Amino acid sequence: MGSDGYVPLFETKKVKGSVIYKLFAVSIFVGICLIFVYRFSHIPREGEDGRWAWIGLFAAELWFSLLWVCTQALRWNRVYRCTFKDRLSQRFEVELPRVDIFVCTADPKIEPPMMVINTVLSVLAYNYPTEKLSVYLSDDAGSDITFYALLEASHFAKEWIPYCKKFKVEPRSPDAYFLSISDLNDVNEAKEFKAIKKLYEDMENRITRAAKIDQLTEEQRSKHKGFSQWDSYSSIRDHDTILQILIDGRDPNARDIEGYLLPTLVYLAREKRPQHPHNFKAGAMNTLIRVSGKIRNGQIIHNVDCDMYSNDSQSVRDALCFFMDGEKGQEVAFVQFSEGFKNVTKNEIYGSSFRVVREVEFHGLDGNGGPPYIGTGCFHRRDTLYGRKFDKECTSKWYKENDPESEESLHELEAQLKVLASCTYEENTQWGKETGLKYGCPVEDVITGLSIQCKGWKSVYFNPERKAFVGVAPITLPQMLVQQKRWSEGHFLILLSKYSPAWYALGKISFGLQLGYFNSCFWAPSCFATLYYSIIPSLYLLKDVPLFPQYSSLWFIPFAYVISAKYSYSLVEFLWSGGTILGWWNEQRIWLYKRISSYLFGFIDAILKSTGFSDEAFVITAKVADEDVSERYQKEILEFGATSPMFTIITTLAVLNFFCFLGVVVTKITMDVAGVRYLDRMSMQILLCVVMVLINWPLYQALFFRQDKGKMPSSLTLQSIGLALLACTCFVYLQ
């Protein structure tokens, strides 16, 4: 407690050992500078073999160095947060603000209704005053099956919420909870457990049956008047607004089986028309902001993806410790929680846990002014989403502020709300520009967070030991590559847009935070340097042209130091974050694959869209997979099994490096003096080629040895071998 009586609701700690790391980073920087000196002073003369390859490597190394500098902003000033929820309860329990929770779904085939309602039930059961909670499901597919699932969930919630409170259930997603319980010692608890599980399974069977046949019976439709709104439904892209308040928090009779008030629960499928843009998830979020403002108008808005259930019922209170802190809370616009993934394998075959990002890099961004908004697991001040600028003199009055009018009947309120969800409501307004989430970018969440920070607000990253939200990671290589393409394309579009951190954020956020945004904006263009470095040194092995200093030269030392230091630290960092050695190796493979495929196509699409040659599109990552695919994933076997331009690039590059390695072994490596001299001159290039072959070993298995459905298609195998042979032949004989 301070001398003025101030008691903080959260604490910020700086990472230990930062001075040692900074000295280490400086030593790498010195090594990089020495590499540049070598490149500049030893450039081949005009007409010598390898001159242009040398210049290209110099350019690639300059680019990699720029990326490395940007990553230092993610590590230079790391901070960690902890909250004091007991103090929050003691001081503000009566004054806790209303919280509006948004859950978004867009496709019942890719995002099954049972997964969606498990997320909804997990947030309905937050350890928070239920009269101050409201949950809104935005269904951009306008699916009557999803509405039926939510209707069933609204009935089950009357049993589930009191059960969670009585037995302090964690996590409060029914599916995750039931899977986590193997045995209960208390007889009464075991009895109630079996009863609530039976209710859940019965509900699950009804929903799964309806989803399987994609049709509801007349009996099911008769359970709620809301099904009549589908009478005018034409298609996913052509239908009226469908809105139903399934649980009305204003109704004193809306109570659970214990007699306590239930949270508000709302279903919304906004109006869609083919001739009107719907702006994907950003459009859905903005509609929810308007609709929720007329229902409960929570001062805090919390959004989660439909596959990201709450894993900690205390998360709302954790977030409020930052917003309601008496000294620093006034400047906090949003609190971004870390994500966990329930289906990541031990060695993270697709690197989908973002382990180092979660445990290291976002803490570095937090130390520079705050993390970006990543679209899920985030709590916002409502007024910052309306475009409000930060004012040091402003104060927040959380209790009984901005209460919406509540005199209308439920039917009248629903009718008024439908206007707010119409596809023409935003015409000639600032929605999507200055108000709400920004439009025109596949990563609208990032530019929204950046614009909020540029208005003077701070953000906070909270990464508790128990992950607050747990979701589903891609379980096939194509899913992962498509996801990475969308992200890299979106971040590169930010760099090309008016929201570029180069000019939009200049002088408005810290330089370290600017570099942090640049780091992700540079993902897509990094494809060219990676492709160049993965191809050219190996090809020049075939012509016996050295592009690096020989092993016996002193100039070899800075190359060896920078490479070994960088990758040694990367391994230590990964292990410190809770990973495994094999997991780190898999991470390096995925680092290569996404940079030579996803980022390349992301770059091309971004250029086409920015020049008007392509339309904006939003690709949803699939959340379900076949049983045999899931089995291979659990065994950590890479999943190919499909033809894709991305696979063509990855496979051709792998085969090309294998041919180069084979050519060196067959024709160059000998035990005589010439062979030793060759190894001395070409050691770095041979090492690069060997690493490329080793890292692609699972791909060679998929090309030549595997017989399961996840192997590389034969047509793609033949195509890649032909392209690699053509490249090697042309390089050797036509140069």
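None of these values were measured; they are calculated from a predicted model. Note that residues are indexed from 1 along each chain, following the sequence as it is written. Local features in a predicted model are, by the rule used here, given only for residues with pLDDT of at least 70; side-chain atom pairs are given and counted only at 80 or more, and totals for whole chains, interfaces and linings are based on all residues. In computing side-chain values, all of the structure's heavy atoms are included and hydrogens and water are not.

Draft legend 1. Here's a closer look at the sheet that holds strand S10 (residues 339-341). Strand order in the open sheet formed by three strands is S8-S13-S10, and the pairing between neighbours is mixed. Lying at the two open borders of the sheet, with one neighbouring strand each, are strand S8 (309-310) and S10. When DSSP finds two or more bridges between a pair of strands, those strands are recorded as paired. We count a stretch as a helix when DSSP gives it H or I for four or more residues in a row; a strand needs E for two or more, and each element gets its number in order from the N terminus. In this sheet, strand S13 (residues 469-471) lies alongside S8 in antiparallel orientation, the contact comprising two bridges. Bridge pairing in S13 links Tyr-309 to Val-470.

Draft legend 2. Quick look at the sheet that holds strand S6 (residues 264-269). Taken together, the eight strands give an open sheet; going across it, the order is S5-S6-S4-S3-S7-S11-S9-S12, and neighbouring strands pair in mixed fashion. Edge strands, defined here as strands with exactly one partner in the open sheet, are strand S5 (242-247) and strand S12 (458-462). Across the sheet, the mean angle separating the axes of adjacent strands is 20° when strand polarity is ignored. Note: strand S4 (residues 133-139) against S6, five bridges, orientation parallel. Bridging from a neighbouring strand, Tyr-136 pairs with Val-266 of S6. Contacting strand S3 (99-105), strand S7 (300-305), strand S9 (332-337), strand S11 (378-381) and S12, helix H10 (residues 315-323) crosses the sheet at an angle of about 145° to S9. Throughout, an axis means a line fitted to C-alpha atoms (over the contacting stretch in the case of helices), and angles, computed between N-to-C directions, take values from 0 to 180 degrees. Pairs of residues are marked as contacts when any of their non-hydrogen atoms sit within 4.5 Å.

Draft legend 3. Expanded view of the state of the cysteines. Here, a disulfide means two cysteine sulfur atoms that sit within 2.5 Å of each other. All told, the structure shown has zero disulfides when counted by the stated rule. Unpaired in this structure, Cys-82 has its nearest cysteine sulfur neighbour in Cys-321, at a distance of 9.8 Å. For the unlinked cysteine Cys-104, the closest cysteine sulfur is that of Cys-306, found at 8.4 Å. The class for Cys-104 is buried, based on a relative accessible area of 11%. Between buried and exposed lies partly exposed: a residue is buried under 20% and exposed over 50% of the maximum accessible area for its type, with that area taken using a 1.4 Å probe on protein chains only.

Draft legend 4. Geometry of the pattern of salt bridges. One speaks of a salt bridge when a side-chain nitrogen belonging to Lys or Arg is within 4 Å of a carboxyl oxygen belonging to Asp or Glu. All told, the structure shown has 35 salt bridges when counted by the stated rule. A salt bridge links Arg-273 to Asp-240, with the shortest nitrogen-to-oxygen separation between them at 2.3 Å. One end of the pair, Arg-273, is in the loop between S6 and helix H9 (280-295); the other, Asp-240, is in the loop between helix H8 (218-221) and S5, and 33 residues separate them in sequence. Asp-240 gets classed as partly exposed once you look at its relative accessible area, which sits at 34%.

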